[in-house]
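Listed below, chain by chain, are the residues.
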Amino acid sequence: MPTDPTPTHGHLHHIELWVPDLTRALSSLGWLLESLGYTPFQSWEAGRSWRLGATYLVVEQSPALTAHHHDRHRPGLNHLAFHVQDAPTVERLTAEATEHGWQLMYPDRHPHAGGPQHYAAYLENTDGFEAELVAITRVRR
């Protein structure tokens, strides 16, 4: 599937996540991004990035970190939500995720933890980052 690298006004340019352990991030976040169609973009000693279209996502183990675990309940990033092709792909990625440092959140309500019209998996990795994989959703009003 070709992607148009031309940025659109207001489109995200990039997201940068500081991680406490680059190796773990490469295993969990790197696997997830590549499974979703992102391609490796940049690489340096303390970080990596992946690109999809005009947007890229960076993971970096910065020496300026002030904590060693992400807390999505504090101000700042709560989670990243990604469109996924369809419900079977959500299920396949959810099954594979455990091999890459992710665990399913809300297993008793999966795949409708976001409501009956929302088909998604909510995953959390070892470092406390949450990713939502959304296949089918209706706009909530």
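Going by the structure above, here's the rest.
Residues numbered from 1 in each chain as written. Predicted model: local features only at pLDDT ≥ 70, side-chain atom pairs only at ≥ 80, totals over all residues. Heavy atoms only, no water.

1. Points about the overall build of the protein
Part 1 of the argument: In terms of helices and strands, the protein carries two helices and eight strands.
Part 2 of the argument: Overall, the protein shows an N-to-C arrangement of helices and strands of β-α-β-β-β-β-α-β-β-β.
Part 3 of the argument: Taken against the 2.2 N^0.38 rule, which gives 14 Å for 141 residues, the C-alpha radius of gyration of the protein at 15 Å falls within 12% of a compact globule.
Part 4 of the argument: Residues classed as buried in the protein amount to 40% of the 141 residues present.
Part 5 of the argument: For the protein, restricting intrachain contacts to residue pairs at least 6 apart in sequence, the fraction spanning at least 24 positions comes to 55%.
Part 6 of the argument: Element-wise, carbon and sulfur atoms account for 54% of the exposed surface of the protein, whose accessible area totals about 8700 Å².
Part 7 of the argument: Here the protein contributes 10 positively and 16 negatively charged side chains, and the mean placements of these two sets differ by 7 Å. (Helix = DSSP H or I, 4+ residues; strand = E, 2+ residues; numbered from the N terminus. Rg over C-alpha atoms; globule rule 2.2 N^0.38 Å. Buried < 20%, exposed > 50% of the residue type's maximum accessible area, 1.4 Å probe, protein only. Contact = heavy atoms within 4.5 Å. Areas by Shrake-Rupley, 256 points an atom, 1.4 Å probe, with all protein chains shown as cover. Lys, Arg positive; Asp, Glu negative; His and termini not counted. Charge placed at Lys NZ, Arg CZ, Asp CG, Glu CD.)

2. So, the packing of aromatic side chains
Part 1 of the argument: By the definition in use, this model includes three aromatic pairs.
Part 2 of the argument: Measuring from ring centre to ring centre gives 6.2 Å for Tyr 38 and Phe 82, while their planes differ by 85°; the resulting arrangement is edge-to-face. Here Phe 82 lies in strand E5 (residues 80-83) and Tyr 38 lies in the loop between helix H1 (22-35) and strand E2 (39-44), a separation of 44 residues in the sequence. For the pair shown, Tyr 38 and Phe 82 are each scored as buried.
Part 3 of the argument: A ring pair is formed by Tyr 106 and Tyr 122, whose centres lie 5.7 Å apart and whose planes are at 80°; its orientation type is edge-to-face. Linking Tyr 106 in the loop between strand E6 (102-104) and strand E7 (119-125) with Tyr 122 in strand E7, this pair joins segments that are 16 residues apart in sequence.
Part 4 of the argument: Exposure remark for Tyr 106: the relative accessible area of 30% places this residue in the partly exposed category. (Phe/Tyr/Trp six-rings, centres within 6.5 Å; stacked < 30°, edge-to-face > 60°.)

By themselves, these figures tell us nothing about what the structure is for.
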